[in-house]
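# Structural overview for review
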Number of protein chains: 2
Amino acid sequence: MSTVIADFAVPAEASAGTDSPEARMRAAKEAARETARLTSDRKTAALEAIASALVAASADIIAANARDLSRGAEEGIGDALLDRLRLDEKRVQALAAAVREVASLPDPVGRVVGGHRMPNGVALEQVRVPFGVVGAIYEARPNVTVDIAALALRSGNAAVLRGGSAARESNTVLVQVMRDALASVGITPEAIQTVDDFGRVGATAMMHGRGLIDVLVPRGSAGLIETVVTESTVPVIETGAGVVHIVLDDTAPLDWARDIVVNAKVQRPSVCNAVETVLVLRSAADRLVPAVASALIAQGVTIHGDDDIRRLVPDAVPAGDEDWALEHLSLDLSMRVVDDLDGALAHIRQYSTGHTESIISTDALSIERFLAEVDSAVVMANASTRFTDGGEFGFGAEVGISTQKLHARGPMGLAELTSTKWLARGAGQTRA
Amino acid sequence: MSTVIADFAVPAEASAGTDSPEARMRAAKEAARETARLTSDRKTAALEAIASALVAASADIIAANARDLSRGAEEGIGDALLDRLRLDEKRVQALAAAVREVASLPDPVGRVVGGHRMPNGVALEQVRVPFGVVGAIYEARPNVTVDIAALALRSGNAAVLRGGSAARESNTVLVQVMRDALASVGITPEAIQTVDDFGRVGATAMMHGRGLIDVLVPRGSAGLIETVVTESTVPVIETGAGVVHIVLDDTAPLDWARDIVVNAKVQRPSVCNAVETVLVLRSAADRLVPAVASALIAQGVTIHGDDDIRRLVPDAVPAGDEDWALEHLSLDLSMRVVDDLDGALAHIRQYSTGHTESIISTDALSIERFLAEVDSAVVMANASTRFTDGGEFGFGAEVGISTQKLHARGPMGLAELTSTKWLARGAGQTRA
């Protein structure tokens, strides 16, 4: 398991006391006292400075990224990964634009979310406060480095980052540019830290950084997330893995079924809210499966079907039991005929990762039963699973999509990077 | 560390497949599908049935408890523990009354906490849902068995319980009584499980029950909590440990300072919201320390003071560095003179467990700075720290007091035993 994040060598200086992962986490913790008290105006100014600095440093960023790309190409990491890793002029502009968007979001810190006066007169108030230090462990895409730092800062947190080895040179420059930008507006640069240069030791230190990391967000493959969840002793928000289902029942309009399944599979197959398995009620199979399958195949999708599906779709390849648990993240789709809604719900209970499921139906009882009984972060009727997204939900930016039940569930916005505290104002009251 | 919960022998049947901790957690998970969909009326009826059954079974409960007490006495567990363990007619009545109080609380499940219509017309709704299976690992007091089961059930959850070995016979009967009561109103008894009879294996299985335990709440000593937090791979809500501070500044009215410190220390010294350390600003020491100390000493409190305190309080015993980190949970109080508010804040940063701190002051700037900068679940001005309590906060019942920042912070009520899910209702929408 730990090989997932033990992906580059540990430099000798990792054990040095003066510059260690612990020292950087401590510096972040100290900086978090400052960021927690920044006004919204100052945080906006800091984010604007970061956005401008990124654009100004385009050439350096692209040069560092080119070194990552050529090392990646030598190591044969594959075209898809190389593409996710690549930064060009346009993508650096997009990074800066994303930071400006975060700068424009309402500041969650200080929002009063509850309160009342106790019978004895003590005034209670529950207010949003930053977590303190947000940690992130993630993989190839260097834009996560900038996104998480910006979101953390907007919500008054310091950030400790551990990116993938493939993006190491890019991330080093991005972090330096952001730190310099903070310093340029009079905010401590220690609010943004990386432990990339400590390799596995850095990630391990974060996972065990009790008292130094207030919340840790893993973003990446199922293997990375599993490692972080299992190994961490700090609080973790589990994100992402999406074995997403769509159920078609016998009242589903053919055009809704076809358009939603195609959209959910084809529009962006590599992301967690793309559909992976379509379950068709037996009574609807003859009517819906051929048309839905044709539309999918016309878009280049390979259908992995059970025997019932393959009778209706000659081009389908056989699906084995392992397919039901698979997050394809590609133009592959598992399809299965189930006897009835009970069968669909049982399949989802067994194989869903609790991300998003949708039913296509016009029967009110079936829809309400599906919405009530499916235990996932987002449960839909007659809509594409691709809508499970912070931007689509109107949060403006997205930290990730939580698939756990503690603290945050579904798309996480800025508020999910905050905690609360209770303030109590009295005039000498004691407890009777 | 693990000795804390490895406190009785593992019976041979622990490894049997048909009745194992895993099998019981699975049964709870299955039962949680039923409890999640119970109406409030049925949950109320179930809790009323449990309350009545507890009273009806008083004789059996007290007999089992007597066996625990005599074993405890033989093993020399001490009078304080024996008292916490003891159940008599009156305490069983109190258990039942607590269950009836939980039955009367508003049901959090199904409450709509947010929502809006997406620009494309998809209707989004965020609703409260039960976690599923709530686990609790706790120590001597058998009332926790009933409290947690009742709170879990009211919020639509199943419960898996692991009590302390000292209360094992009492807990066995309490769980059986509650299970029978559920069955008597047509609800599956599998919704309340104990793994007490599996000893350490039961606790370990819970801590590693990913997919079976949705949230785990440890209640008890700092050692038990530390073990559960460190070892668990399931989400944990950290509760309780309270190195609680009160700061007295030079504007503090003497009567407020004296009454609040005495109340916070003496009213119930053994609980987490009792004050453990009083910090006095140097400019206020001569005026406040003698009077506050006299009032404390008159109530039987032993003061552990630094040199400055001992100059003013001849009866104080010397405080060492270890005292500042100590949760006395007794009629002992650490007192220290600090140079100024900065010194008080630095001391709190170093030693607080993030539970509750209070400042006694009439200076608006000092109060606001204290409320803003102290990073604890509850930060007070001019009120006793004993008010940090679910009952006092108006939650009606208390799952525990969270000292972490994820999910819940401060006193936890029923809402904190729920998660949310998003429901999306569309009419064929796809993502552009």
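If you check an unreviewed UniProt entry, chain A appears there as Gamma-glutamyl phosphate reductase from Microbacterium azadirachtae. Its UniProt record gives chain A a comment under Sequence similarities (unreviewed entry), which states: "Belongs to the gamma-glutamyl phosphate reductase family." The Catalytic activity (unreviewed entry) field of the UniProt record for chain A holds the comment "L-glutamate 5-semialdehyde + phosphate + NADP(+) = L-glutamyl 5-phosphate + NADPH + H(+)".

### Regarding the relation of the copies chain B and chain A
Here two copies of a chain appear, and what relates them is a rotation about an axis with a shift along it. Expressed as a screw transformation, the operator carrying chain B onto chain A has a rotation angle of 180° and an axial translation of 0.0 Å, and the superposed copies differ by an RMSD of 0.0 Å. Put plainly, the chains are arranged around a two-fold axis. Among all residues of chain B, the one whose C-alpha sits closest to the rotation axis is His407(B), at a distance of 1.8 Å. Both copies present the same face, since 99% of the interface residues in chain B are matched by interface residues at the equivalent positions in chain A.

### Regarding the packing of aromatic side chains
All chains considered together, the criterion is met by six aromatic pairs over all chains. Ring centres of Phe393(A) and Phe395(A) lie 6.0 Å apart, and the angle between their planes is 80°; this geometry places the pair in the edge-to-face category. Judged by relative accessible area, Phe395(A) falls into the partly exposed class, the value being 23%. Residues Phe393(A) and Trp422(B) carry aromatic rings whose centres are separated by 5.1 Å and whose planes lie at 70° to one another, so their mutual orientation is edge-to-face. Placement of Phe393(A) in the loop between strand 13 (378–383) and strand 14 (400–402) and of Trp422(B) in strand 16 (residues 418–429) is noted, with the two residues assigned to different chains. Comparing Phe393(A) with Trp422(B) shows no difference in burial state: the two are buried. Through successive ring pairs, a cluster of aromatic residues spans Phe393(A), Phe395(A) and Trp422(B).

### Here's the deal with the packing of helix 2 (residues 40–56) of chain A against helix 6 (residues 143–154) of chain A
All names here are of chain A. Where helix 2 contacts helix 6, the two axes come as close as 9 Å, and the packing angle between them is 165°. Viewed along their axes, helix 2 and helix 6 adopt a mutual orientation that is roughly antiparallel. Classified by chirality, the crossing of helix 6 by helix 2 is right-handed. Residues Ser 40, Lys 43, Thr 44, Ala 46, Leu 47, Ile 50 and Leu 54 of helix 2 pack against Val 146, Ala 150, Leu 153 and Arg 154 of helix 6. In the contact of helix 2 with helix 6, the residues fall into seven nonpolar, two polar and two charged.

Rules and cut-offs
- Residues numbered from 1 in each chain as written.
- Chains lettered and ligands numbered in written order.
- Predicted model: local features only at pLDDT ≥ 70, side-chain atom pairs only at ≥ 80, totals over all residues.
- Heavy atoms only, no water.
- UniProt positions renumbered as here; feature names shortened; annotations may be inferred.
- Least-squares fit on C-alpha atoms with pLDDT ≥ 70 in both.
- Contact = heavy atoms within 4.5 Å.
- Phe/Tyr/Trp six-rings, centres within 6.5 Å; stacked < 30°, edge-to-face > 60°.
- Buried < 20%, exposed > 50% of the residue type's maximum accessible area, 1.4 Å probe, protein only.
- Helix = DSSP H or I, 4+ residues; strand = E, 2+ residues; numbered from the N terminus.
- Axes fitted to C-alpha atoms, helices over the stretch in contact; angles between N-to-C directions.
- Parallel < 35°, antiparallel > 145°, perpendicular 65-115°, else oblique.
- Left-handed = near helix turned anticlockwise from the far one by under 90°.
- Nonpolar A, V, L, I, M, F, W, Y, C, P; charged D, E, K, R; others polar.

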